[in-house]
Amino acid sequence: VVDISPPKSQQRSRGMAMIGIAFSVGFILGPMVGAAFSVYGVKALLTTSSYPFLLPALFALVMASLDVLYLWRSLPETLVEKNRASSIGDGLRSAVDLINPVSLFCFSSVLVIAKEKDRRSARLLGLINFLYVLIFSGLEYSLTFLTHDKFNYSGSVQSFLAFSVFL
């Protein structure tokens, strides 16, 4: 969004807002789709007792494949040719800092932070954010097991619970 919109424009703000809206809609509709698969997916022809999650997995695969195909066909390349990597191997080697957990926690890919004090502050904030997301994700993930064990909630009831939490 930032690459294709002019600086300081309404389009950039609108595009970033659309990304936030898309995530919100996904968080709301995702549990409802999961509930539909928990109720109707078991009765589908492709789902057997040996593979109860086959239909939801195939649905996710198709949706992800359609997403990649759409993005590949509709988004233009915005990086000028002189700044592109000469080969895929060079591009992957330069991206190692962006996916290596150790370099992420050290903020070594952010070359703009020149002062050591600022780097330490960024590391501390990154650690706090990581711990917050880890704890919140663990709570959110274990909530479905807790409600199933303690209250015997079905998948559809849990999806309405998630819907109300995300709403």
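Just so we're clear, the structure is a prediction, and the values are computed from it rather than from any experiment. (Residues numbered from 1 in each chain as written. Predicted model: local features only at pLDDT ≥ 70, side-chain atom pairs only at ≥ 80, totals over all residues. Heavy atoms only, no water.)

Asker: Teacher, can you tell me more about the packing of aromatic side chains here?
Answerer: Within this structure, the stated rule accounts for two aromatic pairs. Aromatic side chains Y132 and F136 sit 6.2 Å apart centroid to centroid with 15° between the ring planes, which places their arrangement in the stacked category. Residue Y132 and its partner F136 are located together in helix α6 (residues 116–151), separated by four residues, close to a single helical turn. Look at F136 and you get partly exposed, because its relative accessible area is 40%. (Phe/Tyr/Trp six-rings, centres within 6.5 Å; stacked < 30°, edge-to-face > 60°. Helix = DSSP H or I, 4+ residues; strand = E, 2+ residues; numbered from the N terminus. Buried < 20%, exposed > 50% of the residue type's maximum accessible area, 1.4 Å probe, protein only.)

Asker: How should I be thinking about a nonpolar patch on the surface in this particular structure?
Answerer: A contiguous nonpolar patch, built from V33, F59, V62, M63, L66, L69 and W72 and spanning about 700 Å² of accessible area, is present on the exposed surface. At six residues, helix α2 (residues 54–74) tops the list of elements feeding residues into the nonpolar patch. (Patch = residues over 30% accessible without salt bridge, like charges linked within 9 Å, V, L, I, M, F, W, Y side chains within 5 Å. Areas by Shrake-Rupley, 256 points an atom, 1.4 Å probe, with all protein chains shown as cover. Salt bridge = Lys/Arg side-chain N within 4 Å of Asp/Glu carboxyl O.)

Asker: What is the right way to read the side chain of T147 from this model?
Answerer: On the secondary structure map, T147 appears in helix α6. At 3.1 Å, the side chain of T147 and the backbone oxygen of T144 are in polar contact. (Polar contact = N/O pair within 3.5 Å; in protein donor to acceptor, adjacent residues only side chain to side chain.)

Asker: Quick question: what am I supposed to make of α6 here?
Answerer: Side chains that are three or four residues apart share a direction in an α-helix, a result of its 3.6 residues per turn. In a regular helix each residue adds 1.5 Å, so 36 residues correspond to 52 Å; α6 covers 51 Å between its end C-alpha atoms and thus fits that length. Bending of α6 peaks at approximately 30° at the position of S142. Directly beyond the C-terminal end of α6, a positive phi value near 55° is found at N152. (Expected span 1.5 Å × (residues − 1). Bend = angle between axes of the 7 residues up to and from the residue.)

Asker: Would you take a moment to explain the environment of Q11 for this structure?
Answerer: Mapped onto the elements, Q11 comes out in helix α1 (residues 10–40). Remark: the alpha-carbon pair of Q11 and V1, spanning 10 residues in sequence, is separated by 8.7 Å. Apart from residues lying up to four places away in sequence, Q11 is in contact with S5 and P6. (Contact = heavy atoms within 4.5 Å.)

Everything listed here is a matter of geometry and, on its own, says nothing about what the molecule does.
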